[in-house]
Amino acid sequence: MSIDDKVRSIVKEFKAYVPGKSKEEIARNYGIDPERIIKLGSNENPWGCSPKIEEKLINEVSNLHQYPQPINPELMDEISKFTKIPVENIIVGGDGADEVIDNIMRILIDEGDEVIIPIPTFTQYAISAKIHGANIKWAKFDEENGFKLDVESVLNNITEKTKAIFLCTPNNPTGNVIPTEDIKKIVESTDALVMIDHAYIEYSKEEYDLTSWALKYDNVLILRTFSKVFGLAGQRVGYGVTSKKVVDYMMRIKPIFSLTRASQVSAITALLDKEFFEKCLKEGIESREEIYNGLKKFKQLEVYPTEANYMLVKVKNGMNSSEFCEALLKKGVIVRDCYSFEGLEPYYFRVSIGTSEENERFLKIMSEIVE
Ligand SMILES: Cc1ncc(COP(=O)(O)O)c(C=O)c1O
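Each value, and the rule that gives it
- Residues numbered from 1 in each chain as written.
- Predicted model: local features only at pLDDT ≥ 70, side-chain atom pairs only at ≥ 80, totals over all residues.
- UniProt positions renumbered as here; feature names shortened; annotations may be inferred.
- Domains from an automatic or database assignment.
- Contact = placed C-beta atoms within 7 Å.
- Helix = DSSP H or I, 4+ residues; strand = E, 2+ residues; numbered from the N terminus.
- Nonpolar A, V, L, I, M, F, W, Y, C, P; charged D, E, K, R; others polar.
- Core = buried A, V, L, I, M, F, W, Y, C linked by C-beta atoms within 7 Å.
- Buried ≥ 20, exposed ≤ 12 C-beta atoms within 10 Å, placed from the backbone.
- Pairing = 2+ DSSP bridges.
- Near = placed C-beta within 6 Å.

- Going by what an unreviewed UniProt entry lists, the chain is known as Histidinol-phosphate aminotransferase and is assigned to Methanococcus maripaludis.
- For the record of the chain, the UniProt heading Cofactor (unreviewed entry) holds the text "pyridoxal 5'-phosphate".
- Under the Pathway (unreviewed entry) heading, UniProt states for the chain: "Amino-acid biosynthesis; L-histidine biosynthesis; L-histidine from 5-phospho-alpha-D-ribose 1-diphosphate: step 7/9."

Right under this line is the structure:
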């Protein structure tokens, strides 16, 4: 007998998650000055987080020996004001939106239940669903049709056993949004929980925001995060907006202290600094246009329209995505090689918005590699 015999068989099937590459790793592996490296691989905010957070964090240091509040009323109030959703319909996650995804699986899934995931999409859904014992039914974002959601592929997979359906919109990595009427059709066809992942919604058109649907439908959870436009990926704060019933169930199993004092202070300050938020959003959208228009000029690339802070690019110069991304890495540019996204051929990469200087250098390096 060894410890191997005690570990769940499903865990043995897992491979460790492959995260986006870090600056430190590339500097070490390729002998490049870390200052020269451009990180456009993880859909972060290139302008960082609100400058007001630093002082708040320093002040919080003297409290770090005390446990944080499991629910911080000020944070709940600020999220409520920001989303225009009552506090009772909000649940905050301390490992970002990832925690909310995992908690949803923890409350819903018994061994053998089914979860529908259209692919290519954010890989965390399948990881969480599988570990809790779900069988995954794959639906698709149709490559032939500009990665439009194939609604029938979702509807045809709904059975008595369906517990959840994940709809990422804007979708990661394709960048497009799912038409509202398609989401409505799915939500109204099932009692299963439909998780509408709005991690990138701030970058999309204001009228598209479906957050208020959480008040209209019992079976909808809208996923939001501080990791993107608020620039707090390193603080790990996300939240779900959903029916009071679902909030109540999630509160029973949520890790109690997963939101740290530091992450709570950071998230509150980020919400209060409206000016910084507006600036990041405006410049983010300009940056997206800059990269999109720059990449469009290369006939060896296909660039997909996007409503997020990144875009999907198909390489058509004879290289596969891994060769292409490796060539970029050698020149100090990190993008996301999409080979590990289920449902995509090995010719795609995803590039996130950067500052103007980063975009300019990125596009120059691209021209050296593409041609
Ligand atoms: C679509 C989508 N959902 C959720 C997340 C998770 O966000 P968080 O950093 O809040 O865990 C990400 C992160 O990249 C994402 O792309």
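1. Examining the domain arrangement of the chain
At step 1: Partitioning the chain into structural domains gives domain 1 (3–48 + 275–370) and domain 2 (53–272).
At step 2: Inter-centroid distance (C-alpha atoms) of domain 1 to domain 2 is 23 Å.
At step 3: The interface is formed by 28 residues belonging to domain 1 together with 25 residues belonging to domain 2.
At step 4: Going through the elements one at a time, helix H13 (274–296) and strand S11 (310–315) are the ones with two or more residues in the side of domain 1 that touches domain 2.
At step 5: Considered class by class, the residues forming the side of domain 1 that touches domain 2 number 16 nonpolar, eight polar and four charged.

2. Comments concerning the nonpolar core
At step 1: Among the nonpolar cores identified, the biggest contains 94 residues, and Ile-165, Leu-167, Val-194, Met-195, Ile-196, Leu-221 and Phe-349 are the most heavily contacted of them.
At step 2: Structurally, this core is a two-domain feature, drawing no fewer than three residues from each of domain 1 (3–48 + 275–370) and domain 2 (53–272).
At step 3: The contact partners of Ile-196, leaving out residues within four places of it in the chain, are Leu-167, Thr-169, Ile-183, Leu-210, Val-220, Ile-222 and Leu-223.

3. A few points about the sheet that holds strand S6 (residues 162–168)
At step 1: The strand order across the open sheet formed by eight strands is S2-S9-S8-S7-S6-S3-S4-S5, and the pairing between neighbours is mixed. A strand with exactly one partner marks an edge of an open sheet, and here the two such strands are strand S2 (90–95) and strand S5 (148–149).
At step 2: Bridge analysis of S2 against strand S9 (residues 238–242) gives four bridges, and the strand direction is antiparallel. From the neighbouring strand, Ile-90 faces S9, where its bridge partner is Val-241.

4. Looking at the UniProt feature "modified residue: N6-(pyridoxal phosphate)lysine" (unreviewed entry) in the chain
At step 1: In the numbering used here, UniProt assigns the feature "modified residue: N6-(pyridoxal phosphate)lysine" (unreviewed entry) to Lys-228.
At step 2: Relative to the helices and strands, Lys-228 is located in the loop between strand S8 (220–225) and S9.
At step 3: With residues near it in sequence (within four places) discarded, Lys-228 still touches Asn-43, Asn-45, Ala-199, Tyr-200, Glu-202 and Asn-309.

5. Remarks on the site of the ligand
At step 1: Taken together, 13 residues are adjacent to the ligand, and Gly-96, Ala-97, Thr-225, Ser-227 and Gly-238 come closest.
At step 2: Take the shell around the ligand: its biggest share by element is three residues, from helix H6 (residues 96–108).
At step 3: Classifying every residue of the shell around the ligand by side-chain character gives five nonpolar, six polar and two charged.

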